[in-house]
Amino acid sequence: MSTFSKEHLEFIKQKKKEKRKIVLFRTLSLLLFLGLWEFSVKEKWLNTFLFSSPSLVLQTVVKLFQTNDLWEHIFITIYETVLSFGISSFLGISIAGILWWNKVLAKVVDPYLTVLNALPKVALGPLIIIWVGASTNSIIFMALLIATFLSIIDIYQSFISTENNYITLMKSFHATKKQIFFQVVLPSNYQNIINSLKINIGMSFIGVIMGELLVSKKGLGYLIMYGSQVFNINLVITAVVILGVISYFMYFVIDKLEQKIKR
Amino acid sequence: MSILKVAHLSKNYHDLKDEIKALKDISFEMEDQEFISIVGPSGCGKSTLLSILSGLDKASSGTIEFSKKNCKIGYMLQKDSLFPWKTVYENCLIGLKIEGPIQEEDKKEVLRLLKTYGLYEFKDKYPKSLSGGMRQRVALIRTLAIKPDILLLDEPFSALDYQTRLALSEDVYNIIKKEKKTAIMVTHDLAEAISMSNRILIFSKRPSTVKKIYKVQLTNRKGPINNRKCPEFNTYYDLIWRDLDVHI
Ligand SMILES: Nc1ncnc2c1ncn2[C@@H]1O[C@H](COP(=O)(O)OP(=O)(O)O)[C@@H](O)[C@H]1O
Ligand SMILES: [Mg+2]
């Protein structure tokens, strides 16, 4: 450190200052939003019954926590999301690999993939309930429908746009197709796969909540559904806020994981 | 003794709309430890010939005979194509790794090459931290690592600036001579061809044939940089320039 010039130290100081400023403004804007919300409800500009308030959300969280339900709902939702994420990532990478391996098969299934990906999966909700039953399975199934096709298409696209020179080089050493796949196609698309997994976790989350709204007896999607049925807007908004926190948390974990693997 | 015999080679490329006749009739022979350059108009099929010789592509007709059974070809492509996710050392071992479990002595040989050609301190670095000339040398070591009988070099210096190119051509020439390799090099730089080769094949426009073959005889032949000062150098340059028949 001591070898850095004064100019460089100044530069680092400036960067740190900038970073502190961003964190400060982020916190301030969040506090401002919460404050305005609380204030508008207190002053009766907004209807408490329809819009809840930060303090009510907090009370609901505490209440849920005390009745021991909160963790269970959160745990169920996260568990389902992680499971769907795992399965759809595995399917995405391996099916994309199979399609890379067999170009003819890829051409044959291309229109099916496109249609399946574009199809609004909610439309399949009733069918899924009939086929799979109103259980955790149908929630996972819904999430997989939403996440898997996108991940297959995404990862396959990056597989086939692998730098051609790398493949020619491997062929010039008489590499087998398997060697080309594992030594070039996979590692050269490492970043693309991570990016696709990042999208995938979001998609799995969406799918799980959608599934919970349709069928479940537990989970945050269920809380929202239940809350709206008994017209407990407080509960609905609390669940939505928790979803927001979980989303941020998942993003945070993935980001940290990515940085860790990169090094 | 001739190590390679190419006779009446032709190659056509097809797509649904058209057929491209790249090579029409290519014949030549090559001696052991000979250095041959190929020059010709761009798009005439020089890279095509190399990829056929290396087995990457199939000829439409004609024959290729190697005097040795299982003659090993080392192909140095136009782009260095070093894998950015592997270190310099790992990049050099790719060819060997593809062949099977890497022998200890092969590893030692690669380390010797890295040491000899000034890359040993960079062996655990990633390619992005190397200069263009260093990258090209790594690509050459990667090709040499599999101990090829014949080296094919496709415009190995074309991506480099003039000074690096001159210095590296000297290096590569010395490496090839020292390791006693036979080499075919494609280039569009006449001076490079004359100063490095024993013979030069001139290709015609597409569909190409071997228009002419020059045996390069220089008094006081040494390394490429020095050869440029030989009295015959300019004569060859003028002759070949005329053969290429460049119209602007
Ligand atoms: N894989 C290919 N498919 C179709 N045409 C090709 C292919 N490779 C090369 N060609 C055509 O063959 C001709 C010779 O190409 P190439 O051997 O690369 O020329 P160069 O002498 O510049 O190295 C060019 O007209 C090129 O367009
Ligand atoms: Mg070429």
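The model shown is predicted, which means the values in this text are computed figures rather than measured ones.

Before going further, it helps to spend a moment on the overall build of chain B. Tallying secondary structure elements over chain B gives 9 helices and 9 strands in all. Against the compact-globule benchmark of 18 Å for 248 residues, chain B has a radius of gyration of 18 Å, which places it among compact chains. If one aligns the C-alpha atoms of chain B with their principal axes, the spans along those axes are about 50 × 45 × 40 Å. Counting all 248 residues of chain B, 52% fall into the buried class. For chain B, the share of sequence-separated contacts (at least 6 apart) that also reach a separation of at least 24 residues comes to 69%. Approximately 12,100 Å² of chain B is accessible, and the part contributed by carbon and sulfur atoms is 50%. Of the side chains in chain B, 40 bear a positive and 32 a negative charge, and the two mean positions are spaced by 2 Å.

A separate point is the interface of chain A and chain B. Contacts between the two partners involve 16 residues from chain A and, on the opposite side, 16 residues from chain B. Taken together, the two surfaces of chain A and chain B that pack against each other cover about 1,500 Å², and 72% of this comes from carbon and sulfur. Among the elements of the structure, α8 (164–172) and α9 (177–188) of chain A are those that each provide at least two residues to the side of chain A that touches chain B. The biggest single contributor to the side of chain A that touches chain B is α8 of chain A, with 7 residues.

Residue and element names in this part refer to chain A. In a regular helix each residue adds 1.5 Å, so 37 residues correspond to 54 Å; helix α1 (residues 6–42) covers 53 Å between its end C-alpha atoms and thus fits that length. Trp37, Glu38, Ser40 and Val41 are the residues of α1 that are buried. Looking at the buried positions of α1, the neighbouring elements they touch are α2 (48–51), α3 (54–66) and α12 (233–262). Positive phi shows up at Lys44, right after α1, with a value of about 65°.

Take the side chain of Thr77 of chain A next. Residues and elements named next belong to chain A. Positionally, Thr77 belongs in helix α4 (residues 69–101). Residue class for Thr77 comes out buried when judged on its relative accessible area of 0%. At 2.8 Å, the side chain of Thr77 and the backbone nitrogen of Leu220 are in polar contact.

Below, the discussion takes up a nonpolar patch on the surface. Residue and element names in this part refer to chain A. Side chains of Tyr190, Tyr248, Phe249, Tyr251, Phe252, Val253, Leu257 and Ile261 sit close together on the surface and give an oily, nonpolar patch of about 850 Å² of accessible area. It is α12 that provides the largest number of residues to the nonpolar patch, a total of 7 residues. Here Tyr190 is to be found in helix α10 (residues 190–215). Its relative accessible area of 35% is what places Tyr190 among the partly exposed residues.

Okay, the packing of aromatic side chains next. Residue and element names in this part refer to chain A. Scanning the model with the defined rule gives 16 aromatic pairs over all chains in all. Judged by centre distance (5.4 Å) and plane angle (40°), the rings of Trp100 and Phe181 are tilted. On the criterion of sequence distance, the pair formed by Trp100 in helix α4 and Phe181 in helix α9 is long-range, its members being 81 residues apart. In this structure, Trp100 and Phe181 share a single accessibility class: buried. With a centroid separation of 5.5 Å and an interplanar angle of 90°, the aromatic rings of Phe159 and Phe181 are classed as edge-to-face.

The next point concerns the site of ligand 1. All names here are of chain B. In the vicinity of ligand 1, the contacting residues are Tyr13, Ala22, Ser42, Gly43, Cys44, Gly45, Lys46, Ser47, Thr48 and Arg206. Separating a nitrogen atom of ligand 1 from a side-chain N or O atom of Tyr13 is a distance of 3.5 Å. Lys46 has a polar backbone atom sitting 2.8 Å from an oxygen atom of ligand 1. Across the complex, the protein chains shield 61% of the 560 Å² of accessible surface that ligand 1 would expose by itself. For the shell around ligand 1, the leading source of residues is helix α1 (residues 46–53), giving 3 residues. Looking at the shell around ligand 1, its residues break down into 3 nonpolar, 5 polar and 2 charged.

Let us look at the domain arrangement of chain A. Accessible area lost upon the coming together of the parts is a frequently used measure of interface size. The domains assigned to chain A are domain 1 (1–46) and domain 2 (55–262). One C-alpha centre belongs to domain 1 of chain A, the other to domain 2 of chain A; they are set 32 Å apart.

What follows is about the domain arrangement of chain B. Residues and elements named next belong to chain B. Each assigned domain of chain B is listed here: domain 1 (1–68 + 150–248) and domain 2 (82–148). On a C-alpha basis, the centres of domain 1 and domain 2 stand 25 Å from each other. Taken residue by residue, the interface counts 13 residues in domain 1 and 14 residues in domain 2. Buried area between domain 1 and domain 2, both sides added, is near 1,100 Å², and the carbon and sulfur share of it is 68%. On inspection of domain 1 and its partner domain 2, the count reaches 2 salt bridges. A salt bridge links Arg112 to Glu179; the shortest N-O distance between them is 3.1 Å. Secondary structure elements with two or more residues in the side of domain 1 that touches domain 2: β6 (150–154) and α6 (162–178). Here the element with the most residues in the side of domain 1 that touches domain 2 is α6; it accounts for 6 residues.

Before going further, it helps to spend a moment on the layout of surface pockets. Summary: where empty space remains is shown by rolling a probe the size of a single water molecule over the atoms. Residue and element names in this part refer to chain A. Within this model, the largest pocket holds a volume of roughly 550 Å³. Every residue lining the largest pocket is counted, 19 residues in all, and those nearest its centre are Val61, Val241, Ile242, Val245 and Ile246. Breaking the lining of the largest pocket down by element, the ones donating at least two residues are α1, α3, α4 and α12. Counting residues per element, the lining of the largest pocket draws most heavily on α12, which supplies 6 residues.

Quick look at the sheet that holds strand β8 (residues 199–203) of chain B now. The pairing of strands in a sheet happens through backbone hydrogen bonds and is either parallel or antiparallel. Residues and elements named next belong to chain B. With mixed pairing, 9 strands are arranged side by side in an open sheet as β4-β1-β2-β9-β8-β3-β7-β6-β5. Strands at the two margins of the open sheet, each flanked by one partner only, are β4 (61–66) and β5 (73–76). Between one strand axis and the next, the sheet turns by 20° as a mean value, whatever way the strands run. The pairing of β8 with strand β9 (residues 208–215) spans 5 bridges and is classified as antiparallel. Of the residues in β9, the one forming a bridge with Leu201 is Ile213. Across the sheet, α1 touches β1 (2–14), β2 (19–31), β3 (35–39), β4, β5, β6, β7 (182–186) and β8, and the angle it forms with β1 is around 120°. Its contacts with the sheet place helix α9 (residues 233–244) against β3, β8 and β9, and it is angled at close to 170° to β9.

Procedures and definitions
- Residues numbered from 1 in each chain as written.
- Chains lettered and ligands numbered in written order.
- Predicted model: local features only at pLDDT ≥ 70, side-chain atom pairs only at ≥ 80, totals over all residues.
- Heavy atoms only, no water.
- Helix = DSSP H or I, 4+ residues; strand = E, 2+ residues; numbered from the N terminus.
- Rg over C-alpha atoms; globule rule 2.2 N^0.38 Å.
- Buried < 20%, exposed > 50% of the residue type's maximum accessible area, 1.4 Å probe, protein only.
- Contact = heavy atoms within 4.5 Å.
- Areas by Shrake-Rupley, 256 points an atom, 1.4 Å probe, with all protein chains shown as cover.
- Lys, Arg positive; Asp, Glu negative; His and termini not counted.
- Charge placed at Lys NZ, Arg CZ, Asp CG, Glu CD.
- Buried area = accessible area lost by both parts, 1.4 Å probe.
- Expected span 1.5 Å × (residues − 1).
- Polar contact = N/O pair within 3.5 Å; in protein donor to acceptor, adjacent residues only side chain to side chain.
- Patch = residues over 30% accessible without salt bridge, like charges linked within 9 Å, V, L, I, M, F, W, Y side chains within 5 Å.
- Salt bridge = Lys/Arg side-chain N within 4 Å of Asp/Glu carboxyl O.
- Phe/Tyr/Trp six-rings, centres within 6.5 Å; stacked < 30°, edge-to-face > 60°.
- Near = heavy atom within 4 Å.
- Nonpolar A, V, L, I, M, F, W, Y, C, P; charged D, E, K, R; others polar.
- Domains from an automatic or database assignment.
- 1 Å grid on protein atoms, 1.4 Å probe; cavity = no way out; pocket = protein on both sides within 12 Å on 5 of 7 lines; lining within 4 Å.
- Points joined across faces, edges and corners; volume = space filled by probe spheres on them.
- Pairing = 2+ DSSP bridges.
- Axes fitted to C-alpha atoms, helices over the stretch in contact; angles between N-to-C directions.

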